[in-house]
Amino acid sequence: MSESVAQIFINALLANNFVLAMFLGLCPFLGVSGKLDTAFPMGVATTFVMLVASLCAYGLNVLLTTFQLEFLRLISYIVIIASAVQLVEMVLKKYSPALFRALGIYLPLITTNCAVLGVALFQTAREYDFLQSLTFAIGGGAGFTLALVLMASVRERLQLSAVPSVAQGTALSLMLAGILSLAFMGFAGLGG
Amino acid sequence: MSQTTVSTWEEFMEGVWRQNPVFVMVLGMCPVLAVTVSGINALSMGVATAFVLVCSCGLISLLRKMIPKEVRIATYIVIIATFVTVVDYVIQAVSLALYDALGAFIQLIVVNCIILGRAEAHASKTPPLPAMTNALGMGIGFTIGLLALGCVREILGAGTLFGVSLFGTGFQPWVVMVLPPGGFFVLGAWLLVFAAWERRKQRKFAAQGGGVQHV
């Protein structure tokens, strides 16, 4: 593993953006990206869960490998992510009730966000060490937030324009995502 | 007797067509877009998902009276994760090339919204047989959706179908179709086609002077 920390960060943020290049976390991407006000907090919350999940998954993987219990990896990751989401939910409820209410149902749904499980699985598959895992999680989360905010901004503008009624809804969002994804392909090779 | 066969058939067809998970409900999009660069990948992903769906819905339906309501989601996830681990190891044993092509997306079946959605909305309320029939229908509908995407992307992006060359050597492949943006474009186009078709059907229905018009 000769990738430097900076390379991992750039790759996760831009070149291999979680949403637009690796297709992880599309459900919130299409679901929460209607308004900028909710898109950004959602991105930040997901990033935090990713960070916690990544750290726990790293420790857990060391433990599982020591006891040769690799077949339990998937199940234990999922349980860890669910607990991390629960933790975020409790912290938010205590310290920022306004944000807690704004995110509503989407908060528990982070559990089934494949981007979070994706971080844990990819860092295991690529055998990242502790610092690399940490960078990967932050970069991936930032990339997810970036994609969500970009999409939300475009969709807010789009509400003012005349679109053929057949194309409204998911079809239009997907076409938009395709164009965004095309733009992000320009970053290919940036991370070396 | 005929009553039950009709209802079983409807249970089955709900997922295949009327409530198709890919085109109608737009659920579980991540694997749909990520693995459909070729027909064969799409087919194996669909079959794997269908297997997990049927098995976990069957088991959840069997246990539905035993699972306490408060921890049901966690229980469902653990059951689903168990079957996904099984599928993961089976694919690894059968074809390593396929395993590498699908990558982490086999394990990501765990967080596929279709499975958890079916478990929560259907399997937790119905006896095993109808639950599994419904799950099978959903699985087949999901596979059809994946195939529709995979075939179009493979034909346009590589000029082949299931690895067989279609157009000879003169064909210039439309490479963007097998790259990430192509996935978004093709799925968007399919949704447009279905929306247009639905619109036409409604207009025809209204022209015949038939009853309520959908607004």
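Given the structure is predicted, the values throughout are model-derived calculations rather than measurements.

So, how was this worked out
- Residues numbered from 1 in each chain as written.
- Chains lettered and ligands numbered in written order.
- Predicted model: local features only at pLDDT ≥ 70, side-chain atom pairs only at ≥ 80, totals over all residues.
- Helix = DSSP H or I, 4+ residues; strand = E, 2+ residues; numbered from the N terminus.
- Rg over C-alpha atoms; globule rule 2.2 N^0.38 Å.
- Buried ≥ 20, exposed ≤ 12 C-beta atoms within 10 Å, placed from the backbone.
- Contact = placed C-beta atoms within 7 Å.
- Core = buried A, V, L, I, M, F, W, Y, C linked by C-beta atoms within 7 Å.
- Nonpolar A, V, L, I, M, F, W, Y, C, P; charged D, E, K, R; others polar.
- pLDDT = per-residue confidence, 0-100.
- Axes fitted to C-alpha atoms, helices over the stretch in contact; angles between N-to-C directions.
- Parallel < 35°, antiparallel > 145°, perpendicular 65-115°, else oblique.
- Left-handed = near helix turned anticlockwise from the far one by under 90°.

Some words on the overall build of chain A
- When you go through chain A residue by residue, the secondary structure sums to eight helices and zero strands.
- For chain A, the succession of helices and strands along the chain, N to C, is α-α-α-α-α-α-α-α.
- Its C-alpha radius of gyration of 17 Å places chain A within 12% of the 16 Å reference for a compact globule of 192 residues.
- Viewed in the frame of its principal axes, chain A has a C-alpha envelope of about 60 × 40 × 25 Å.
- Within the span of chain A, comprising 192 residues, buried residues form 44% of the whole.

Thoughts on the overall build of chain B
- Along the backbone of chain B there are eight helices and two strands.
- Secondary structure elements of chain B occur, N-terminal to C-terminal, as α-α-α-α-α-α-α-β-β-α.
- Overall size of chain B, expressed as C-alpha extent along the three principal axes, is 60 × 60 × 30 Å.
- Pairs at least 24 apart in sequence give 76% of the contacts found in chain B among residues at least 6 apart.

Description of helix α6 (residues 113-123) of chain B
- Of all eleven residues in α6(B), eight are buried, a share of seventy percent or more.
- Those residues of α6(B) lying buried are B:Cys113, B:Ile114, B:Ile115, B:Leu116, B:Arg118, B:Ala119, B:His122 and B:Ala123.
- Buried residues in α6(B) make contact with α2 (26-31) of chain A together with α3 (39-62), α4 (72-94) and α7 (128-158) of chain B.

A closer look at the nonpolar core
- Counting 112 residues, the largest nonpolar core has A:Ala53, A:Leu117, B:Ile80 and B:Val110 as its most contacted members.
- Element by element, the count of residues in this core is highest for α7(B), at eleven residues.
- The contact partners of A:Leu117, leaving out residues within four places of it in the chain, are A:Tyr77, A:Ile78, A:Ile81, B:Leu108, B:Val110 and B:Val111.

A few points about the interface of chain A and chain B
- The partner chain B presents 32 residues to the 32 residues of chain A that form the contact.
- Of all elements in the fold, only α2, α4 (73-95), α6 (114-125) and α8 (170-184) of chain A reach the threshold of two or more residues within the side of chain A that touches chain B.
- Here the side of chain A that touches chain B gets eight residues from one element, more than from any other, and that element is α8(A).
- Partitioned by chemical class, the residues of the side of chain A that touches chain B number 26 nonpolar, six polar and no charged.

A word on the confidence of the model for chain A
- Averaged over all residues, the pLDDT of chain A equals 84, while 97% of them reach at least 70.
- For chain A, helix α5 (residues 97-103) of chain A is the element with the lowest average pLDDT, namely 77, and helix α7 (residues 130-158) of chain A is the one with the highest, namely 90.

Quick notes on the packing of α6(A) against α7(A)
Residues and elements named next belong to chain A.
- Look at α6 against α7: their axes get within 10 Å of each other, and the N-to-C directions meet at 150°. Our classification of the angle between α6 and α7 gives roughly antiparallel. Where α6 crosses over α7, the two elements pack in a sense that is right-handed. Note on element contacts: α7 touches α6 through Ser 133, Phe 136, Ala 137, Gly 140 and Phe 144, opposite Ala 115, Val 119 and Gln 123.

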